[in-house]
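# Structural overview
Residue strings, one per chain:
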Amino acid sequence: MENRGSHHGWPQEAAVVGAGTMGLGVAECFAAAGIRVLLTDATPELTREAKRRLVRRAEGHAEAGLLAESTVGRVEAVETADEVAGTVGDVDLVFEAVPEDIRLKEEILGSCSEAAPQDAIIVSNTSSLPINDLSEFVGRPERFCGMHWFNPPEWTPGVEVIPAAATSPEVVGRLVEFLRSIGKRPAVVGDGPGFVANRIQNALFLEAVRCVEDGLASPQEVDEVVRSCFGFRLPFFGPFQISDMAGLDVYENVLDVLRDGLGERFEAPESLRKLVEQGRKGTKSGAGFLEYTDEERERLLLERDRRYAALGELLEDLPPVDAGSGGAS
Ligand SMILES: NC(=O)c1ccc[n+]([C@@H]2O[C@H](COP(=O)([O-])OP(=O)(O)OC[C@H]3O[C@@H](n4cnc5c(N)ncnc54)[C@H](O)[C@@H]3O)[C@@H](O)[C@H]2O)c1
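First, a word on scope: everything that follows refers to the structure included in this document. (Residues numbered from 1 in each chain as written. Predicted model: local features only at pLDDT ≥ 70, side-chain atom pairs only at ≥ 80, totals over all residues. Heavy atoms only, no water.)

Glycine aside, residues mostly have negative phi angles, and peptide bonds mostly take the trans form. Here the residue pair Trp10 and Pro11 is connected by a cis peptide bond, since its omega of -10 degrees sits within 30 degrees of zero. When you line up the elements, Pro11 lands in the segment before strand S1 (13-17). For the peptide bond that leads from Asn151 to Pro152, omega is -5 degrees, which places it in the cis range. One can find Pro152 in the loop between strand S6 (144-148) and strand S7 (158-163). Its identity as a non-glycine residue notwithstanding, Arg140 has a phi of 55 degrees, on the positive side. Looking at the secondary structure, you find Arg140 in the loop between helix H6 (131-135) and S6. Within the chain, Phe195 stands out as a residue other than glycine whose phi angle is a positive 50 degrees. Within the secondary structure, Phe195 sits in the loop between strand S8 (185-188) and helix H8 (197-213). (Helix = DSSP H or I, 4+ residues; strand = E, 2+ residues; numbered from the N terminus.)

Put into structure tokens, the structure is as follows:
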């Protein structure tokens, strides 16, 4: 995890409020980046236990060869405090990761905003609560923002940055720059239900469950199809580049068949039909959702093949993951 980014500068000190699955992983990332970290949980006893778990977690990563021994020392140096005020009083960044309960978030964000320095930035790791609603719990809401990490936080590069209506653009810029400096890949997205990642992930999940319910495949077979067919592409390309490379006219035809068989949820979007009508059918016609010169297209296709070959080799070298067996049908 260390040496992935080039963090220096802001923030020097960060508070992590709520030291569970996400808070501990984020604390490990911050500490690994050389940031002074303060941690608190619901009670002094839970906070002490969380610190023990944090150190054990870092030691486990070091034993597995995933973390340098020197970074374990940085994690051991993480400080704890018995309540929110003692944790956030002196920091530049407050990371809130208490359970997903709006009343609890109200209480915690309220005390963070009272006790933190006026210019400290306060972020919430909420997966689903509207960022605009949470911003109302923070005094000076221009310094509040959503910062949605993914589990496990140490290894997942993507982080959604979700500004509230009140969030200042300068705060958004600072958070994006900071995340990049610790090796993350932030994307600024809007405050809609599930933001972007959970909305798309759940659309996929629902169809996966329906495939099993319709008797098309077992859960194991669905998992194999998702990870080994189109999922194989996803570390490198998102749906827009993938559909551009496949051909938007092909996508439109397939969607018409899906709509006829499965209903309106598969109706091709107007924006897709329009692109096809305009002759923007993807890389093969020089433009689809994105635009490509001949040279860019050739490079893209070659790089695609290189990446797929490299991933194929990596998967062969890694020991198989136990898939689980049987289960409910
Ligand atoms: N688990 C995930 O995969 C995931 C991914 C992205 C976002 N999130 C979001 O991150 C947040 C935390 O989720 P989690 O999975 O880490 O939950 P968790 O239950 O593992 O951790 C929450 C921690 O907050 C502590 N806590 C409870 N009340 C507190 C209080 N009053 N003051 C301080 N700490 C308190 C709990 O003791 C616990 O240690 C939620 O908003 C969740 O939606 C979770």
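The next point concerns the sheet that holds S6. If you trace the eight strands from one edge of the open sheet to the other, you get S3-S2-S1-S4-S5-S6-S7-S8, paired in mixed fashion. Single-partner strands in this sheet number two, and they are strand S3 (79-80) and S8. Strands S1, strand S2 (36-40) and strand S4 (93-96) of the sheet are contacted by helix H1 (residues 21-32), whose axis makes an angle of about 165 degrees with S2. (Pairing = 2+ DSSP bridges. Contact = heavy atoms within 4.5 Å. Axes fitted to C-alpha atoms, helices over the stretch in contact; angles between N-to-C directions.)

All chains considered together, the criterion is met by zero disulfides. Free cysteine: Cys229, not disulfide-bonded; nearest cysteine sulfur from Cys211 at 12 Å. (Disulfide = S-S within 2.5 Å.)

Our next topic: the pairing of S4. Covered by surrounding structure in S4 are Leu93 and Phe95 together with Val94 and Glu96, the residues of both alternating faces. Here S4 pairs with strand S5 (residues 121-124) via four bridges, running parallel. Residue pairing for S5: Glu96 is matched across the bridge by Ser124. Each parallel crossover has a hand, and the one from S4 via helix H5 (residues 102-115) to S5 is right-handed. (Buried < 20%, exposed > 50% of the residue type's maximum accessible area, 1.4 Å probe, protein only. Right-handed = clockwise from strand over helix to strand, strands pointing away.)

With that settled, consider the site of the ligand. Near the ligand lie 20 residues; those nearest to it are Met22, Asp41, Glu100, Lys105 and Ser127. The backbone of Ala42 places a nitrogen or oxygen atom 3.3 Å from a nitrogen atom of the ligand. With respect to the ligand, the side chain of Lys105 contributes an N or O atom lying 2.7 Å from an oxygen atom. In isolation the ligand offers 830 Å² of accessible surface; the protein chains occlude 75% of this area. Mapped by element, the contributors of at least two residues to the shell around the ligand are H1 and H5. Sort the elements by how many residues they give to the shell around the ligand and H5 lands first, with three residues. (Near = heavy atom within 4 Å. Polar contact = N/O pair within 3.5 Å; in protein donor to acceptor, adjacent residues only side chain to side chain. Areas by Shrake-Rupley, 256 points an atom, 1.4 Å probe, with all protein chains shown as cover.)

Our next topic: the pattern of salt bridges. Overall, the coordinates contain 30 salt bridges when judged by the stated rule. For the salt bridge of Arg52 with Glu45, the shortest nitrogen-to-oxygen distance reads 3.6 Å. Note that Arg265 is salt-bridged to Glu207, the shortest N-O span being 2.6 Å. Taken together, the residues Arg265 in the loop between helix H11 (248-262) and helix H12 (270-277) and Glu207 in helix H8 connect sequence positions 58 residues apart. Accessibility expressed as a relative area gives 45% for Arg265, which makes it partly exposed. What emerges from the salt-bridge pattern is a single network uniting Glu252, Asp256, Arg259, Asp260, Glu267 and Arg273. (Salt bridge = Lys/Arg side-chain N within 4 Å of Asp/Glu carboxyl O.)

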